Amino acid sequence: MAKKWTQEQLDGFASADDMHVSPFYSDGKTYGTPTWIWSVVADGNLYVRAYNGKNSRWYKSAAVQKAGRIHLNGQDYEVEFQPVENTPELDKAVSDAYRKKYANSPYLAPMITNGPIQATVRIDPK
């Protein structure tokens, strides 16, 4: 079973807006270029979505390598990337978290459309 974030970490992540993801390159040890991305907490887990859907470079690396590093709430973490199996319940929970956290952003609407929804990734601590 995957490790879980602490409630204190999740509380900090829920309001932080400094997420950068760095999935490993194909060698499995070199971190990719940090990519700034939105993150949300839903159902006790940390999630991100790829703005350009499954064609996003970082998403492709995360889906294959399944590991890397994130920077969030002022700290670096070694993590596992888990592309999710989309269900109506999960899609709604994550979309609702995006609506709440990024309500005033002009970039919100694209993040709750099918392409990004299909590229939802759960991030677990390693």
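Residues numbered from 1 in each chain as written. Predicted model: local features only at pLDDT ≥ 70, side-chain atom pairs only at ≥ 80, totals over all residues. Heavy atoms only, no water.

A.B. asks: Residues and numbers for the overall build of the chain, please.
C.D. replies: Within the chain, the secondary structure is distributed over five helices and seven strands. When the helices and strands of the chain are listed from N to C terminus, the series reads α-β-β-β-β-α-β-β-α-α-α-β. The C-alpha atoms of the chain give 13 Å as radius of gyration, which agrees with the globular expectation for 126 residues (14 Å, within 12%). Based on the C-alpha atoms only, the size of the chain along its principal axes is roughly 35 × 35 × 30 Å. Among the 126 residues that make up the chain, the fraction classed as buried is 43%. The contacts of the chain with a sequence gap of at least 6 include a subset with a gap of at least 24, amounting to 67%. About 6800 Å² of surface is accessible on the chain, with carbon and sulfur atoms providing 50% of the total. Here the chain carries 15 positive and 14 negative side-chain charges, and the mean point of each set is 5 Å from the other. (Helix = DSSP H or I, 4+ residues; strand = E, 2+ residues; numbered from the N terminus. Rg over C-alpha atoms; globule rule 2.2 N^0.38 Å. Buried < 20%, exposed > 50% of the residue type's maximum accessible area, 1.4 Å probe, protein only. Contact = heavy atoms within 4.5 Å. Areas by Shrake-Rupley, 256 points an atom, 1.4 Å probe, with all protein chains shown as cover. Lys, Arg positive; Asp, Glu negative; His and termini not counted. Charge placed at Lys NZ, Arg CZ, Asp CG, Glu CD.)

A.B. asks: Account for the sheet that holds strand β4 (residues 45–49), naming residues and giving values.
C.D. replies: Strand order in the open sheet formed by seven strands is β2-β1-β5-β6-β7-β4-β3, with antiparallel pairing between adjacent strands. Edge strands, defined here as strands with exactly one partner in the open sheet, are β2 (35–36) and β3 (39–42). Pairing analysis gives four bridges linking strand β1 (residues 20–23) to strand β5 (residues 67–72), with the strands arranged antiparallel. When the sheet's bridge partners are listed, V21 is paired in β5 with I70. Lying over the sheet, helix α1 (residues 7–15) contacts β3, β4, β5 and β6 (75–83), oriented at roughly 135° with respect to β3. Each of β1, β2, β4, β5, β6 and β7 (120–125) touches helix α2 (residues 57–65); the most contacted strand, β1, lies at about 50° to it. (Pairing = 2+ DSSP bridges. Axes fitted to C-alpha atoms, helices over the stretch in contact; angles between N-to-C directions.)

A.B. asks: Go over the side chain of S95, please, and point to the residues and values.
C.D. replies: Along the chain, S95 turns up in helix α3 (residues 88–101). Overall, the relative accessible area of 4% leaves S95 in the buried class. In terms of polar contacts, S95 uses its side chain to reach the side chain of R49, at 3.0 Å. When near neighbours in sequence (up to four residues on either side) are disregarded, S95 contacts R49, I112 and I117. (Polar contact = N/O pair within 3.5 Å; in protein donor to acceptor, adjacent residues only side chain to side chain.)

A.B. asks: Can you explain the side chain of S39? Please cite residues and give values.
C.D. replies: Residue position: S39 is located in strand β3. Residue classification places S39 among the buried residues on the basis of a relative accessible area of 1%. Once you skip the residues sitting within four places of it in the chain, S39 turns out to touch F13, A16, M19, L46, Y47, V48, L72, K101 and Y102.

A.B. asks: Can you lay out the pairing of β3 for me, pointing to particular residues and giving the numbers?
C.D. replies: Where β3 and β4 come together, four bridges link them in antiparallel fashion. Bridging across to β4, S39 finds its partner in V48. With antiparallel pairing between neighbouring strands as the criterion, β3 and β4 make up a hairpin whose turn holds two residues, including D43 at a positive phi of roughly 50°.

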